2 protein chains.
Amino acid sequence: MINDNKAYAQREKAYMQGKLYPDVRVGMIKVNLTPTVTRDEHGIPHMEPNEPVYIYDTSGPYTDPDYKVDLKKGLPAMRQQWIDNRKKAGQPVTQIACAKAGIITPEMEYVAIRENMNCESLGIKSHITPDYVREEIARGRAVIPANINHPESEPMIIGRNFAVKINTNIGNSATTSSIDEEVEKSVWSCKWGGDTVMDLSTGNNIHETREWILRNSPVPVGTVPIYQALEKVNGKVEDLSWEVYRDTLIEQCEQGVDYFTIHAGIRRHNVHLADSRLCGIVSRGGSIMSKWCLIHDKESFLYEHFDDICDIVARYDVALSLGDGLRPGCTADANDAAQFAELDTMGELVLRAWDKNVQAFIEGPGHVPMHKIRENMERQLDKCHEAPFYTLGPIVTDIAPGYDHITSAIGGAQIAWLGTAMLCYVTPKEHLALPNKEDVRAGIIAYKIAAHAADLAKGHPGATIRDNALSKARFEFRWRDQFHLSLDPERALQYFEEAGHTDGEYCTMCGPDFCAAKLTHDLRRIKK
Amino acid sequence: MINDNKAYAQREKAYMQGKLYPDVRVGMIKVNLTPTVTRDEHGIPHMEPNEPVYIYDTSGPYTDPDYKVDLKKGLPAMRQQWIDNRKKAGQPVTQIACAKAGIITPEMEYVAIRENMNCESLGIKSHITPDYVREEIARGRAVIPANINHPESEPMIIGRNFAVKINTNIGNSATTSSIDEEVEKSVWSCKWGGDTVMDLSTGNNIHETREWILRNSPVPVGTVPIYQALEKVNGKVEDLSWEVYRDTLIEQCEQGVDYFTIHAGIRRHNVHLADSRLCGIVSRGGSIMSKWCLIHDKESFLYEHFDDICDIVARYDVALSLGDGLRPGCTADANDAAQFAELDTMGELVLRAWDKNVQAFIEGPGHVPMHKIRENMERQLDKCHEAPFYTLGPIVTDIAPGYDHITSAIGGAQIAWLGTAMLCYVTPKEHLALPNKEDVRAGIIAYKIAAHAADLAKGHPGATIRDNALSKARFEFRWRDQFHLSLDPERALQYFEEAGHTDGEYCTMCGPDFCAAKLTHDLRRIKK
C-alpha cells in the first residue's frame, strides 16, 4: 500500500457502485473528519460532526488495503469483462462509436460517478450523467482513452465540461535511468494525482519498460511512437518510413497503450515557417518529422497515412493526441504562423479521426505569455471543432529555469479555466535534466493546484467542497483534518511538525496573542 | 559580498548615472554573455557577440565588490544629501507634495532610470521619464516609499504603469526566531529580488529588531504599527488607545520605517459583516481592531484619527498602506460584503491622505478564486481612485497548504496583469509555520515569476529582453549564459551539475539523438 503512514490515518479507500452496471466500482478517497468542538458559557463542550469528504482518486488498487501489490503479476484486469461483453454483443470497439450508436458503456457510467465526487452525499446537482458523458464523447468534445488491451486502467474522461486532468511524463533517455525507476515513477505519479502518464522513453528497452508500466498502471498510458520507430532505424531520421512506423503502432496498440501522440500536423510546406524563430522547433517529434520532410522533400508519412493510422488505432480504441510539433519553445515564438498553420491542419485531421470513429484530442503549447493565452484557446476551439485541448503549461516567462513547474502552472491554470481539458505537467527540472521522484511530486502538485483552481473558476460540480471543508478545519484549528484534506498531507504535516507545533489554538506564525483566527473566535463569543 | 560564487561569475555590478542629478547612481546587474558560435561549411567557427543584459537589482551595496559589509555600521546614507538639499531649499517633504509642486526629485529620476533597464542600451522607447514619474505620483497613481529617516534605501516606485514589485514579510513572533536571523532574512530577501520588506515582528525586541533591519536595508521597510502598540499594552486589545498608537507611530517614523499598514478601513458598523463567514477575520490587525470596536462599542481610533495619522506621517514622508483588515481568509469568503464595504472606506481615506500630501496605497486579498479576481481589481481602481493596489497573492484554491507560494503566484500573476502594482509574497510555509531562509527564497522566486509574467503581459518597456536573451542562450546551448540570466542562477546550475551535465549540445533529458534544438540546428544546416 502506498499511503501507509500517519499522514493518511484519516483517509480510507471507498467505492461507489454503478446503477446501470452493478460491476462498476469507482474507487475514491474518503477523508474522515473530526467533529467541531464549541464550548458554551459554562465551558461545556458541544460536538458537531463534520461530513466526510470524497476526493477523486488516481491511485488505483495501490491504496486498497485488501489488495496485495505484486508488480510482476500486474494489476487486476478490471475492464476485461466489459470489453469481452461488448465483443460478444457485437457492439463497436471504440467509445466514440458506442456513443454515436447510443450505447452507454460501463466506462461512461464509471467516469460519470467519478466526476461527481461528493455530489450524491451532499445532494449537489450535477449536469454530468452517464448519458451526458455519452453525448460529449459522441460529439468529440470528450475522450475516454481506454485501449482494449489495457484492461487494468480505470476509466477517466478528458473534456472541457469535466474536471481538468493532468498528465505526467516519465521515461528514460539513452543516458539515464532504469526500468525499475520508471515503473516506480509511474506508480508514484498515480499516488500524487497524475490522471494519465506518458512513457517518453527513448533509450534501450523501450518495449520492456512500457510493458512493465502498462501492466502496473491504473491510469491511461500515452506514448510518442515515433521515438521507438527512430530507435528501430538506429536514430537515423532519414531511414524512417511508414512501414517502420506502422509496425511500431501495431506493436504498441497490442501492448495496450491508451493514446498516441502523432505529429501528423506538420506539412512539408509549413516547415519553413519556423525558420525565423528564436528557438526553432522544440518538440522532439516535430523536429524529427520536419527533418524527414526536408531530407526527402516530401509530405510527412504521418499526414499521408493518417487514415491508415486511424484504421489501426480504431481496432484497439487507442485515442489520438495530435501533437503540436511546431509549438513555440519560448515566449517570443508564441502564436506565430508556424504554430497556427499546424493547428489548422490538426483541425482537419480531427474530423478525419472522428469519421473513422477514433477518439482524438489536440496538443497545445508550450511557452506563451499571459496576454496571448486566450487566443490559443479560442482558436483551438474554433479550428479544431471543440475537440479537447491538451496543453504543456504554458510557461508564461522564460527566465526561471529550475522553477518551470511554477511558471507553467500560472499559464496552465489560466488556459484550463478558459477550456483546456488536460494539462501536461512540467517539473522543476524542465530545460535542465530528467526529473527524479521528488521533481515528479513537485510537478504534479503544482499542476493539481492549477487544475483545481480552474475547476473552481469553471464551477465544476462540487469542486468547492474540499476547499471549504479544509478552510473550516483551518479556522477551527482542526489541524489534522486540514492536512488530510490537502493535496500533499505528508508535506503539510512535515512543515507543521518541524516547527514544533502541537494541536493548539495558534501556531508559531503569529503566536497566541496575534492569531487572527483565535481573535475572531473570541470576537464571536463577545457578541453572543 | 552576497553573490561570491561561480553561479554569478558572469554577473557584475554596474551603475547608471542621472542626467538631472549627476549624483543619482542607479545600481543594476550587468550580465555578460558569451558569443554565439556558428560554423560555416568548412567547419570554421564564426563568433557573433551577444549584448550584455541589465537586470533590475534590489541587492543594494551588498553586491558591490567595492563595498565592505558591516552590519553594525549599517549601509551608507545614499539619500541623505537629497533630503538635506530639499530641506535647505524649503521644498516640501513628501514626494507627492513635490510632485504636485512640479518638482522632479532625485528619487524620481532614480526610479525612472531603474524602470528602464536595457532601454537605453538597446534603443527601446519607454514612456517612463522622470517627469512621467512625477505626474504619476502627483495623481496618486504611484508611490515612492522613502522615509526621510531611512536614507539608506534605494528609491523604487509602486504603481501600475511601472514594473510590478514584490514585498516579502519577515519578522519574529513571540514563540520563535532571533534578531540576527531576521536581519539575515531581510538581506537575503534583497539578494533574491524582494522590492520592499515588511517587518512583522510581534515578540520581544520589536524596536531593536527593526533598527537593525532598517540600518541594513537598501529597500523600503514597512511595518504594521498596531503590533507594537499591542505589545505595549501587554497584548490586551481593550487597552489599546489612540495615545499608545500615536506614540508608536512617531517612534517608528523617527526610526525610518517607509510605509505603515494601517487598518483604518474597519468601521464599527461593518464588523458584523464578517459574522457569516466561513473563516471570519484573518488579518491580525483586522481582528485586533474589530475586537477593539466591539469591546468599546466605538468607532475605531484609527478611523477617527485618520487625519492626525496623516499629519504625523507627512512630516517624514512615510507612505500609508491602507490595510484590508476584512480581507477574505478562504476562497468561500472572497468578494463578500465585508471585504467590499472596507474597500469603499479605503477609497474615502485615500482621498483624505492625498489632501494631506501623504502617499498611499491600498492592500487587497488574500484568497480569491480565479473567476473573482477581475472584480477585485476593477472595483479597487474605481473605488480607490486609481491608488496603487498591493495584494497578498491571491491564493486561488485552499487545498494546498505547503504549496501556497504556488497557489498564490497563480492569482498574483493574474491580478498584477490586471493592474496590481505590488504583490506581497507568500511562502511554502503559509498557514503552517514561520518561513526559514529557503522558504523566503522559494516565495520570492515564485513571486518574481508572477511579477515578471505580468510585466510581459502588460508590455513593460524592455521586459522581453531578458526572456529572449535567455531563450537564445538556451537554443544555442550557451548553458552558462542561460543560468546567469535566470532568476535563480544557483538553482539552475545545481540541477544541471547534479545531472552530470557538461556543456555539450544536448542534455540528459533527451539524449543526443532526441534533442529538438540540436535537430533544428541540423535542419537549418540542411536548408542552407
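Residues numbered from 1 in each chain as written. Chains lettered and ligands numbered in written order. Predicted model: local features only at pLDDT ≥ 70, side-chain atom pairs only at ≥ 80, totals over all residues. Heavy atoms only, no water.

A.B. asks: Can you explain the sheet that holds strand 15 (residues 422-424) of chain A? Please cite residues and give values.
C.D. replies: Residues and elements named next belong to chain A. On the basis of which strands lie adjacent, the closed barrel formed by eight strands has the order 8-9-10-11-12-13-14-15 and parallel pairing. Averaged over all neighbouring strand pairs, the angle between strand axes comes to 25°, with direction disregarded. Alignment of strand 8 (residues 165-170) against strand 15, held across three bridges, turns out to be parallel. Across the sheet, the residue bridging to N167 is C424, located in strand 15. With respect to the sheet, helix 16 (residues 437-458) is in contact with strand 8 and strand 15, its orientation differing from that of strand 8 by roughly 160°. (Pairing = 2+ DSSP bridges. Helix = DSSP H or I, 4+ residues; strand = E, 2+ residues; numbered from the N terminus. Axes fitted to C-alpha atoms, helices over the stretch in contact; angles between N-to-C directions. Contact = heavy atoms within 4.5 Å.)

A.B. asks: Provide a residue-level description of the sheet that holds strand 14 (residues 389-392) of chain B, including the pertinent values.
C.D. replies: Residues and elements named next belong to chain B. If you trace the eight strands once around the closed barrel, you get 8-9-10-11-12-13-14-15, paired in parallel fashion. On average, each strand axis in the sheet is tilted by 25° relative to the strand beside it, whichever way the strands run. When strand 8 (residues 165-170) meets strand 9 (residues 196-199), the two strands line up parallel, connected through four bridges. When the bridges of strand 9 are listed, N167 appears paired with T196.

A.B. asks: So what's going on with the interface of chain A and chain B? Which residues, and what values?
C.D. replies: With 106 residues of chain A at the contact, the number on the chain B side is 105 residues. A combined buried area of about 8,600 Å² lies between chain A and chain B, and 70% of that area is made up of carbon and sulfur atoms. Our count for the chain A to chain B interface comes out at zero salt bridges. On inspection of chain A and its partner chain B, the count reaches 15 residue pairs in polar contact (both at pLDDT 80 or more). Those elements that place two or more of their residues in the side of chain A that touches chain B are helix 8 (225-232), helix 10 (284-296), helix 15 (404-418), helix 16, helix 17 (463-475), helix 18 (479-484), helix 19 (489-498) and helix 20 (516-527) of chain A. Split by residue class, the side of chain A that touches chain B holds 58 nonpolar, 28 polar and 20 charged. (Buried area = accessible area lost by both parts, 1.4 Å probe. Salt bridge = Lys/Arg side-chain N within 4 Å of Asp/Glu carboxyl O. Polar contact = N/O pair within 3.5 Å; in protein donor to acceptor, adjacent residues only side chain to side chain. Nonpolar A, V, L, I, M, F, W, Y, C, P; charged D, E, K, R; others polar.)

A.B. asks: Explain a nonpolar patch on the surface residue by residue, including any values.
C.D. replies: A contiguous nonpolar patch, built from B:V69, B:L71 and B:W212 and spanning about 220 Å² of accessible area, is present on the exposed surface. You can see B:V69 is positioned in the loop between strand 5 (53-56) and helix 1 (80-88). (Patch = residues over 30% accessible without salt bridge, like charges linked within 9 Å, V, L, I, M, F, W, Y side chains within 5 Å. Areas by Shrake-Rupley, 256 points an atom, 1.4 Å probe, with all protein chains shown as cover.)

A.B. asks: Which residues make up the relation of the copies chain A and chain B, and what are the values?
C.D. replies: Taken as rigid bodies, chain A and chain B are interconverted by a rotation of 180° and an axial shift of 0.0 Å, the fit giving an RMSD of 0.0 Å. Each copy turns onto its partner about a two-fold axis. Distance from the rotation axis, computed per C-alpha, reaches its smallest value in chain A at A:I410: 2.3 Å. An overlap of 99% is found between the interface residues of chain A and their copies at the interface of chain B, pointing to a shared contact surface. (Least-squares fit on C-alpha atoms with pLDDT ≥ 70 in both.)

A.B. asks: A description of the pattern of salt bridges should follow, citing residues and the corresponding values.
C.D. replies: Inspection of every chain in the model, using the stated rule, returns 72 salt bridges over all chains. Ionic pairing is found between B:R210 and B:E251, a salt bridge with its closest N-O pair at 3.5 Å. Remark: B:E251 occurs in helix 9 (residues 242-255) and B:R210 occurs in helix 7 (residues 206-215); sequence separation between them is 41 residues. One exposure class covers both B:R210 and B:E251, and it is buried. Taken together, the salt bridges that share partners define one network made up of A:E136, A:R141, A:R160 and A:E386. (Buried < 20%, exposed > 50% of the residue type's maximum accessible area, 1.4 Å probe, protein only.)

A.B. asks: Could you give an account of the packing of helix 15 of chain A against helix 16 of chain A, naming the residues involved and the relevant values?
C.D. replies: Residues and elements named next belong to chain A. At a minimum axis distance of 8 Å, the contact between helix 15 and helix 16 shows a crossing angle of 25°. With respect to helix 16, the element helix 15 is oriented roughly parallel. Every pair of crossing elements has a handedness; the one defined by helix 15 and helix 16 is right-handed. On helix 16, the residues touching H405, S408, A409, G412, A413, A416 and W417 of helix 15 are A442, G443, A446, Y447, A450, A454, A457 and K458. Each residue belonging to the contact of helix 15 with helix 16 can be placed in one class, and the counts come to ten nonpolar, four polar and one charged. (Parallel < 35°, antiparallel > 145°, perpendicular 65-115°, else oblique. Left-handed = near helix turned anticlockwise from the far one by under 90°.)

A.B. asks: Could you give an account of unusual backbone geometry, with specific residues and numbers?
C.D. replies: Here A:G393 and A:P394 are connected by a cis peptide whose omega angle stands at 10°. On the secondary structure map, A:P394 appears in the loop between strand 14 (389-392) and helix 15. Cis geometry is found at the peptide bond from B:P365 to B:G366, where omega equals 5°. With respect to the element layout, B:G366 can be found in the loop between strand 13 (360-364) and helix 14 (373-383). Of note, the phi angle at B:D317 is positive, near 55°, even though the residue is not glycine.

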